[in-house]
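Below, each chain spelled out in residue letters.
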Amino acid sequence: LIMIILNQTDVTPASFILNGIPGLEDMHMWISFPFCSMYAVAMVGNCGLLYLIYYEDSLHRSMYYFLAMLSLTDLVMCSSTIPKALSIFWCHLKEIRFEECLVQMFFIHTFTGMESGVLMLMALDRYVAICYPLRYSTILTNPVIAKVGLATFLRAVFLIIPLIFLTKRLPYCKGNIIHHTYCDQLSVAKLSCGNIKANVIYGLVAAFLIGGFDILCITVSYTMILRAVVSLSSADARQKAFSTCTAHICAIVFSYSPAFFCFFFNRFGSHTIPPSCHIIVANIYLLLPPTMNPIVYGVKTKQIRDCVIRIFSGSKKIKSYST
């Protein structure tokens, strides 16, 4: 009877051991180099974008405010995982306290949800800019941008908090070794000897409420954009309209492609795909968008290119651009 009571009360480990990438332990040092390089590019690129948007008056528009939200989200998202992953690869510092694991889990899932939400807001921004160009500045005012940005953040927070509590309540008696580089919700829950059905179901519900809703809005927005662009009589006008969406479409591809892989692997492919492949893609999912977004927007957006050239050349001339 005493043993049963002890087993029921002492079910929360003081810490977990993040084991990195299983099967590739001998290659951790080599894997760390592309991770570190991408993280450095992500930090420099997104901090540079934030500085540029703050510094340049010509970038004080809704499109770039949403881009600033995306950059902030990307910085938090990759910083929640990559420093710990590098400490595992370089210094073998694999231990993470239970509370720290839950905090990391909260930041990862909240800001991946925020990333999806900001991409949806950017699609709506392009829809208004192309379909209602004369009303663009009156529809997307600064207060409206602040409110929808806050609503997107709060949506992610309130949907993820229950998932954290569901994970915290579980009894953990299958060891404390997590075969991952960070505290993914399902990877942690699988160490429990309790019933994790509520975690799985709620995780699916949260994914559909965030990702499903955002993908639906993005699809509807681009359907309306396509109809509006096709109806334009001038080929130059059509090309210009399409070009304003190119960077955003690239950001969607970089974000959702690895997300879909991770989602379907966790539910359907765990017995056919090596765990090491899943963990590498899971890290790429959190690292690729922060790395590529500032590069794509810097290359594809003329206003940002001109601002960068103007800063490095020392020119103080400020041009005015149309939406």
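Whatever comes next refers back to the structure up there.
Residues numbered from 1 in each chain as written. Predicted model: local features only at pLDDT ≥ 70, side-chain atom pairs only at ≥ 80, totals over all residues. Heavy atoms only, no water.

(A) Highlighting the packing of helix H2 (residues 28-55) against helix H4 (residues 82-91). Orientation of H2 relative to H4, taken along the N-to-C sense of each, is 155°, at an axis distance of 9 Å. What the angle tells us is that H2 and H4 run roughly antiparallel. In terms of crossing hand, the pair formed by H2 and H4 is left-handed. Residue-level contacts link His-28, Met-29, Ile-31, Ser-32, Phe-35, Cys-36 and Tyr-39 of H2 to Ile-82, Pro-83, Leu-86, Phe-89 and Trp-90 of H4. Considered class by class, the residues forming the contact of H2 with H4 number 10 nonpolar, two polar and no charged. (Axes fitted to C-alpha atoms, helices over the stretch in contact; angles between N-to-C directions. Helix = DSSP H or I, 4+ residues; strand = E, 2+ residues; numbered from the N terminus. Parallel < 35°, antiparallel > 145°, perpendicular 65-115°, else oblique. Left-handed = near helix turned anticlockwise from the far one by under 90°. Contact = heavy atoms within 4.5 Å. Nonpolar A, V, L, I, M, F, W, Y, C, P; charged D, E, K, R; others polar.)

(B) Highlighting the packing of aromatic side chains. For the structure on display, the rule yields 11 aromatic pairs. One aromatic cluster in this structure is built from Phe-106, Phe-107, Phe-111 and Phe-153. (Phe/Tyr/Trp six-rings, centres within 6.5 Å; stacked < 30°, edge-to-face > 60°.)

(C) Structural context of the nonpolar core. Among the nonpolar cores identified, the biggest contains 50 residues, and Leu-67, Met-122 and Ile-218 are the most heavily contacted of them. Put simply, the parts of the chain that give this core at least two residues each are H2, helix H3 (62-79), helix H5 (98-131), helix H9 (197-230), helix H10 (235-269), helix H11 (275-300) and helix H12 (302-313). Leu-18, Val-188, Leu-191 and Leu-287 belong to the second largest nonpolar core, which has 29 residues in total. (Core = buried A, V, L, I, M, F, W, Y, C linked by side-chain atoms within 4.5 Å. Buried < 20%, exposed > 50% of the residue type's maximum accessible area, 1.4 Å probe, protein only.)

(D) Highlighting the pairing of strand S1 (residues 15-18). Bridge count for S1 against strand S2 (residues 95-97) is three bridges, and the pairing is antiparallel. Within S2, the residue paired with Ile-17 across the bridge is Glu-95. Pairing geometry for S1 and strand S3 (residues 177-178), over two bridges, is parallel. Residue Leu-18 lies in a different strand from S3, and its bridge partner there is Ile-178. (Pairing = 2+ DSSP bridges.)

(E) Seen up close, the sheet that holds S3. Ordered in space as S2-S1-S3, the three strands form an open sheet in which the pairing is mixed. Two strands in the sheet have a free side with no partner beyond their single neighbour: S2 and S3.

(F) Geometry of the environment of Asn-46. Tracing the sequence through the fold places Asn-46 in helix H2. The buried category is assigned to Asn-46, whose relative accessible area is 0%. Distance from Asn-46 to Lys-94, taken between C-alpha atoms, is 28 Å for residues 48 residues apart in sequence. Excluding its chain neighbours within four sequence positions, the residues that come into contact with Asn-46 are Ser-71, Asp-74, Leu-75, Pro-290 and Pro-294.

(G) Highlighting the state of the cysteines. Under the criterion given, the structure shown has two disulfides. The disulfide partner of Cys-101 is Cys-183, and the S-S distance across this bridge is 2.0 Å. Taking the sign of the S-S torsion, about -125° here, the bridge from Cys-101 to Cys-183 comes out left-handed. Here the residue Cys-101 occupies a position in helix H5, and Cys-183 occupies one in the loop between S3 and helix H8 (185-189), the gap between them amounting to 82 residues. Here Cys-101 falls in the buried class, since its relative accessible area comes to 1%. Classification of Cys-183 by relative accessible area gives buried; the value is 0%. Here Cys-173 engages in a disulfide with Cys-193; their sulfurs sit 1.7 Å apart. (Disulfide = S-S within 2.5 Å.)

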